[in-house]
Amino acid sequence: MSSEKTEVDFDVAEINKDYERLYGFHTNTDYLKNSKKGVSPDIIREISKIKNEPDWMLEFRLSSLEIFNSMPDPTWMDGSVFDEINYEDLYYYASAGDKKYNDWDDVPEDIKDTFERLGVPEAERKFLAGVSAQFESEVVYHHVQEELEKKGVIFLDFDTGVQKHGDLIRKYIGKLVPQGDNKFAALNSACWSGGSFVYIPPGVKVEIPLQAYFRINAESIGQFERTIIIADKGASVHYIEGCTAPTYSKTAFHTGVIELFAEEDAYLRYTTIQNWSTNVLNLVTQRAIAKKNATVEWMDGNLGAKTTMKYPAVYLAEPGARGRVVSIGYANKGQRQDAGAKMIHAAPHTTSSITAKSISHNGGRSSYRGLIKVNKGASHVKTDVECDALLLDDFSESDTYPTIDVRERKDVSVMHEATVGKVSDETIYYLRSRGIKEEDALLMVVNGFIQEFTRELPMEYAVELNRLIALEMEGSIG
Amino acid sequence: MNSPLLELKGLCSTVFSEDTDQQIPILKGVDLTINKGEIHVLMGVNGSGKSSLAHVLMGHPNHQITDGEARFDGTSIQDMEPDERARAGMFLAFQYPHAIGGLPVGTFLKAAVEARRSEEVPFRVFKRELDAALEKLGISKEFLGRSLNEGFSGGEKKRNEILQMHLLKPTLAMLDETDSGLDVDALKKVFHDVREYANQDNALLVITHYDRVLDYINPTHVHIMSDGRIVKSGGADLSKRIDEEGFEAVLGVEASV
């Protein structure tokens, strides 16, 4: 972590200390023990002031904080997950420095090293789409290709977005994920930092994926990215966000809010592969709306984190809207991947498909939690759900929690298929009989299992994903 | 003097049955010697142990050598893993090749070729070899993008096995009932490709239930297996006798000696 001090940089530990001295240690509610210490109206004001935000944003943050403080933990999931969150130990804002870099040459060496390991320069050379990187909660590198600018595409970190396009953001923020949607969305709304703001003007097709990388790099830094992507009428965009984090001792906490807006005839795809270190709690609210004949696709990969709770949703608002989720989860030792998808068919002639693949290994636990809802009046609807679980040993777990709520009977087709399987010894033997080593054979089967996800990725992401899976599986053969 | 390519002496084996949780004796003393340049056909009724022999030699996890010797290229294979045996030059065309969803044939073939050679094979080099093999065997390139054996017809599975054989270039290729499930045209085609593969530097062990294979391949040796043993061996003429008189008659003569 950078020890450099600048005028915008500030010592977060100092703030916490000060807050403790001023306000002590309150427990006003039963369900929100210890929560006042790390995040407070004063800290929110401080963050907002440092970011030089307009008043409406400060108000948004403060009202969100109030909602956060009044909300209990979700009850539908095993409560011990949330017991681990120690809000007082979290830093709500940390800065690596005061600079944003528009040129790769200006990025500091240690940060460059990180990107090198992540393979970013390679990705950049290939795509040159522009890289937005969140590093210690601060976007340190942001590059937008000139052609995109010429087309009127806005691709900014969220902070800059608020500065430059405040009216647009104000119009959209919280529309899909209201402040009080859930406790973590409220927390994010109160102390969000970083994330991306993307706007694609009507009819503009962005041919190359817009990419953002970010990572947590300091101990116990809460990460609250906020992203809004708007594909206007007939626009088309593929946004890719990937993240990795190094291991550190205390529990880190990531709670993002992602809102996608696909206007009429628009196409919007959001791809993410999260690989947080295995002490991170990863609670992200991802929601999208698809208007008339629009398509929204979530490609969601979850490899890391101690616990992930993530259910990308598409609200199919108008006829012809299509929603698609393809997800993979890899739950290794001590990990819980609780992922799934939600499709809300609010209009007739809408279609959705969900493909969820999970791998459980070394005692890890994967769950599929999904919702298919067909509203009254939403006739001529087609929805397919396929969730497949692969267990790599006898002591790992997999379960599914599908909810199907159909309120319309006219020409509604709902398919739900679920499988749980193990890799058969016979299959491994077949591959080994071709000279392939046992661990490579298992890897080939696993990579095949998630191929429906992998094939949706740009080549280097697919390669990187296979490499990460290989790392996860290292030593898996006794 | 060079050691034989494959030398089995009194080979006994058991197979683990998951149903009964027991080891069941299968091979009960198999003697067999195969040298380079030879084509052996192993015949016998169902349950005689033909396929088991192939899997014992390839190293199937449920099959265990319990007695006797099995040497490949002069080295005992007893403690070798299946992949080590394959890298040493053994190959088995499966009767029921396994399907692996999401694993493209092309990706699999490259991995297998690299494994066999224990080195990375540059894409261009691999592609040249692959293209040549595809052309020789008359297999379309679209085949490469399909998931391995998934949704393959019986004929496609068998041709895929033979394609692998051509690319991996084993010194001992065992074919386990490769003829089963093929119509006459496919049979003709597949065994033409098998014959194409045979040369003075390798050997084939063709396992079959039916003698019709012998119309397409000219064996140097024919063996008949019964109850875990090779009970009769001979040249191509033996197969003719079987063809004319049937298994039982030929074996009945043998049993009475």
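No experiment lies behind these values; they were computed from the predicted model shown.

**Structural notes on the overall build of chain B**
Along its length, chain B carries eight helices and 12 strands. Counting only residues that meet the buried cut, chain B has 52% of its 257 residues in that class. In chain B, 70% of the contacts between residues at least 6 apart in sequence involve partners at least 24 apart. Per element, the accessible surface of chain B, about 11,700 Å² overall, is 46% carbon and sulfur.

**Some points on the overall build of chain A**
Each helix and strand in chain A was counted, giving 14 helices and 21 strands. In chain A, buried positions account for 62% of the 478 residues. Surface summary for chain A: the accessible area is close to 18,600 Å², and the carbon and sulfur share equals 48%.

**Points about the packing of aromatic side chains**
Evaluated as defined, the whole model comprises 10 aromatic pairs over all chains. Ring geometry for Phe 155 of chain A against Tyr 239 of chain A: centres 6.1 Å apart, planes inclined by 85°, an arrangement best described as edge-to-face. Taken as a pair, Phe 155 of chain A in strand β3 (residues 154-157) and Tyr 239 of chain A in strand β7 (residues 236-244) lie far apart in primary sequence, 84 residues in all. The burial state of Phe 155 of chain A is the same as that of Tyr 239 of chain A; both residues are buried. Judged by centre distance (5.1 Å) and plane angle (45°), the rings of Phe 143 of chain B and Phe 152 of chain B are tilted. Using a relative accessible area of 9% as the deciding quantity, one classes Phe 143 of chain B as buried. Put simply, the rings of Phe 155, Tyr 239, Tyr 270 and Trp 298 of chain A pair up and form one aromatic cluster.

**A few points about the interface of chain B and chain A**
At the junction of the two partners, chain B supplies 32 residues and chain A supplies 17 residues. Summed over both sides, the interface between chain B and chain A buries roughly 2,000 Å², with carbon and sulfur atoms accounting for 63% of that surface. For chain B, the biggest contributors to the area lost against chain A are Asp 83, His 98 and Ile 100 of chain B; these three give 26% of the whole. There are three salt bridges connecting chain B and chain A.

**Focus on the pairing of strand β19 (residues 381-391) of chain A**
All names here are of chain A. Most of β19 is tucked away: eight of the 11 residues are buried. Judged from the 10 bridges that link them, strand β17 (residues 351-360) and β19 form a sheet pairing that is parallel. Its bridge partner being in β19, Ser 352 is matched across the sheet by Thr 383.

**Brief notes about the sheet that holds strand β4 (residues 63-72) of chain B**
Residues and elements named next belong to chain B. The four strands are arranged β2-β1-β4-β5 in an open sheet whose pairing can be described as antiparallel. Every interior strand has two partners, whereas the edge strands, β2 (22-34) and β5 (75-76), have only one. Judged from the eight bridges that link them, strand β1 (residues 6-17) and β4 form a sheet pairing that is antiparallel. Residue pairing across strands places Leu 6 opposite Phe 72, the latter belonging to β4. Together, β1, β2 and β4 form the strand contacts of helix α1 (residues 50-58), whose direction differs from that of β1 by roughly 100°.

**Quick word on the side chain of Ser 64 of chain A**
All names here are of chain A. Residue placement: Ser 64 occurs in helix α3 (residues 55-70). The buried category is assigned to Ser 64, whose relative accessible area is 0%. Residues within four places of Ser 64 in sequence aside, it is in contact with Gln 179, Ala 186, Ser 189 and Ala 190.

**Digging into the sheet that holds strand β3 (residues 39-44) of chain B**
Residue and element names in this part refer to chain B. Strand order in this open sheet of six strands is β6-β9-β10-β3-β11-β12, and the pairing throughout is mixed. Looking at the sheet topology across the chains shown, the edges are occupied by β6 (90-93) and β12 (229-234). Across the sheet, the mean angle separating the axes of adjacent strands is 20° when strand polarity is ignored. Where β6 and strand β9 (residues 172-176) come together, four bridges link them in parallel fashion. Bridge assignment links Leu 92 to a residue of β9, and that residue is Met 174. Helix-sheet contacts for helix α5 (residues 154-168) involve β6 and β9, and the interaxial angle to β6 is about 165°.

**Remarks on the packing of α3 of chain A against helix α10 (residues 183-191) of chain A**
The description of two helices packed together rests on the angle between their axes and the distance between the axes. All names here are of chain A. Relative to each other, α3 and α10 sit at 150°, their axes nearing to 7 Å. When the axis of α3 is compared with that of α10, the two are roughly antiparallel. Helix-helix and strand crossings are classified by hand; for α3 and α10 the assignment is left-handed. Contact residues: α3 offers Phe 60, Arg 61, Ser 64, Leu 65, Ile 67 and Phe 68, while α10 offers Lys 183, Ala 186, Leu 187, Ser 189, Ala 190 and Cys 191. Residues that form the contact of α3 with α10 fall into these classes: eight nonpolar, two polar and two charged.

**Regarding the environment of Thr 307 of chain A**
Residue and element names in this part refer to chain A. Within the fold, Thr 307 resides in strand β13 (residues 307-310). Since its relative accessible area comes to 5%, Thr 307 is described here as buried. Apart from the residues lying within four places of it in its own chain, the contact partners of Thr 307 are Met 77, Val 81, Val 280, Leu 281, Asn 282 and Arg 336.

**Brief notes about the confidence of the model for chain A**
Residue and element names in this part refer to chain A. Put simply, chain A has an average pLDDT of 78, and 74% of its residues get 70 or more. Put simply, helix α1 (residues 12-23) is where chain A has its lowest mean pLDDT, 30, and β17 is where it has its highest, 97. Within the model, pLDDT remains below 50 along residues 117-144, and this stretch shows 114 contacts once partners closer than five positions in the same chain are excluded. Predicted confidence is poor over residues 244-251, with pLDDT under 50, and the contacts of this stretch with residues over four places away or in other chains come to 32 contacts.

**Looking at the pairing of strand β10 (residues 267-275) of chain A**
All names here are of chain A. Of all the nine residues making up β10, eight are buried; the element is thus mostly covered by neighbouring parts of the structure. Strand direction decides the pairing type here: β10 and strand β12 (residues 295-302), joined by eight bridges, are parallel. Each residue of the ladder has a partner; that of Leu 268, found in β12, is Val 296.

**A closer look at the nonpolar core**
By size, the foremost hydrophobic cluster in this structure holds 114 residues, and its most contacted members are Leu 431 of chain A together with Leu 11 and Leu 57 of chain B. Per element, the largest residue contribution to this core is seven residues, and it comes from helix α12 (residues 438-449) of chain A. Here Leu 11 of chain B is in contact with Leu 27, Lys 28, Gly 29, Val 30, Leu 53, Val 56, Leu 57, Ile 65, Asp 67, Gly 68, Glu 69 and Ala 70 of chain B, once residues within four sequence places are set aside. Residues Ile 354, Val 374, Val 381 and Val 406 of chain A belong to the second largest nonpolar core, which totals 41 residues.

Thresholds, definitions, all that
Residues numbered from 1 in each chain as written. Chains lettered and ligands numbered in written order. Predicted model: local features only at pLDDT ≥ 70, side-chain atom pairs only at ≥ 80, totals over all residues. Heavy atoms only, no water. Helix = DSSP H or I, 4+ residues; strand = E, 2+ residues; numbered from the N terminus. Buried < 20%, exposed > 50% of the residue type's maximum accessible area, 1.4 Å probe, protein only. Contact = heavy atoms within 4.5 Å. Areas by Shrake-Rupley, 256 points an atom, 1.4 Å probe, with all protein chains shown as cover. Phe/Tyr/Trp six-rings, centres within 6.5 Å; stacked < 30°, edge-to-face > 60°. Buried area = accessible area lost by both parts, 1.4 Å probe. Salt bridge = Lys/Arg side-chain N within 4 Å of Asp/Glu carboxyl O. Pairing = 2+ DSSP bridges. Axes fitted to C-alpha atoms, helices over the stretch in contact; angles between N-to-C directions. Parallel < 35°, antiparallel > 145°, perpendicular 65-115°, else oblique. Left-handed = near helix turned anticlockwise from the far one by under 90°. Nonpolar A, V, L, I, M, F, W, Y, C, P; charged D, E, K, R; others polar. pLDDT = per-residue confidence, 0-100. Core = buried A, V, L, I, M, F, W, Y, C linked by side-chain atoms within 4.5 Å.

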